[in-house]
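# Structural features, examined
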Amino acid sequence: FAQLLLLIAAVTTVANGIFMLAQPLDWYVFVPTVVTTGPPNAHFIRDIGLAYLGSGLILLYATANPVRHWRAAVVGGLWLAFHGALHIYEVAAGICGPATFWADAPAVIGQPALVIAALAILRMGKRI
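Since this is a predicted model, take the numbers as computed values, not measurements. (Residues numbered from 1 in each chain as written. Predicted model: local features only at pLDDT ≥ 70, side-chain atom pairs only at ≥ 80, totals over all residues. Heavy atoms only, no water.)

## Points about the confidence of the model for the protein chain
When pLDDT is averaged along the protein chain, the result is 95; 100% of the residues meet or exceed 70. Per-element mean pLDDT across the protein chain ranges from 90 in helix 5 (residues 98-108) up to 98 in helix 1 (residues 2-22). (pLDDT = per-residue confidence, 0-100. Helix = DSSP H or I, 4+ residues; strand = E, 2+ residues; numbered from the N terminus.)

## What to know about helix 4 (residues 70-92)
A rise of 1.5 Å per residue sets the reference length of helix 4, with its 23 residues, at 33 Å; its end C-alpha atoms lie 31 Å apart and thus fit the reference within 8%. In helix 4, a bend of some 35° at G77 exceeds every other bend along the element. Considered for burial, the residues of helix 4 that qualify are A72, A73, G76, G77, L80, H83, G84 and H87. A positive backbone phi angle near 80° is found at G94, which sits one or two residues after helix 4. (Expected span 1.5 Å × (residues − 1). Bend = angle between axes of the 7 residues up to and from the residue. Buried < 20%, exposed > 50% of the residue type's maximum accessible area, 1.4 Å probe, protein only.)

## Section: the environment of H69
Within the secondary structure, H69 sits in the loop between helix 3 (42-64) and helix 4. Distance in space between the C-alpha atoms of H69 and I58 is 9.7 Å, their sequence separation being 11 residues. The residues touching H69, leaving out its near neighbours within four places in the chain, are Y61 and A62. Separated by 3.1 Å, the side chains of H69 and Y61 make a polar contact. (Contact = heavy atoms within 4.5 Å. Polar contact = N/O pair within 3.5 Å; in protein donor to acceptor, adjacent residues only side chain to side chain.)

Right under this line is the structure:
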């Protein structure tokens, strides 16, 4: 089950990164909450796309053997977790509203939550 959770996180993270790199302006309008953050910047979107792609590829590596490569899952999930924490902070600080947070939550909080859940499953099973 941990392997499946990591695979879902990896595939969705890689897909998002590729989308951001290949079609940054299309990605900008595809994610409805992004347009509320200001005008698009293709270079900046691609920068973030590289972070997603890198995280996703590391998670994909971890997926092959989560027990052996659990440290890769930690590294691959780290940026995703920091990104999710930033979104939580922005709501708590009043920078963006709860509606924006909940619209973003499945991707922004969901991906790192999958990684954390996979690592917790491995830890509880004493496999790491």
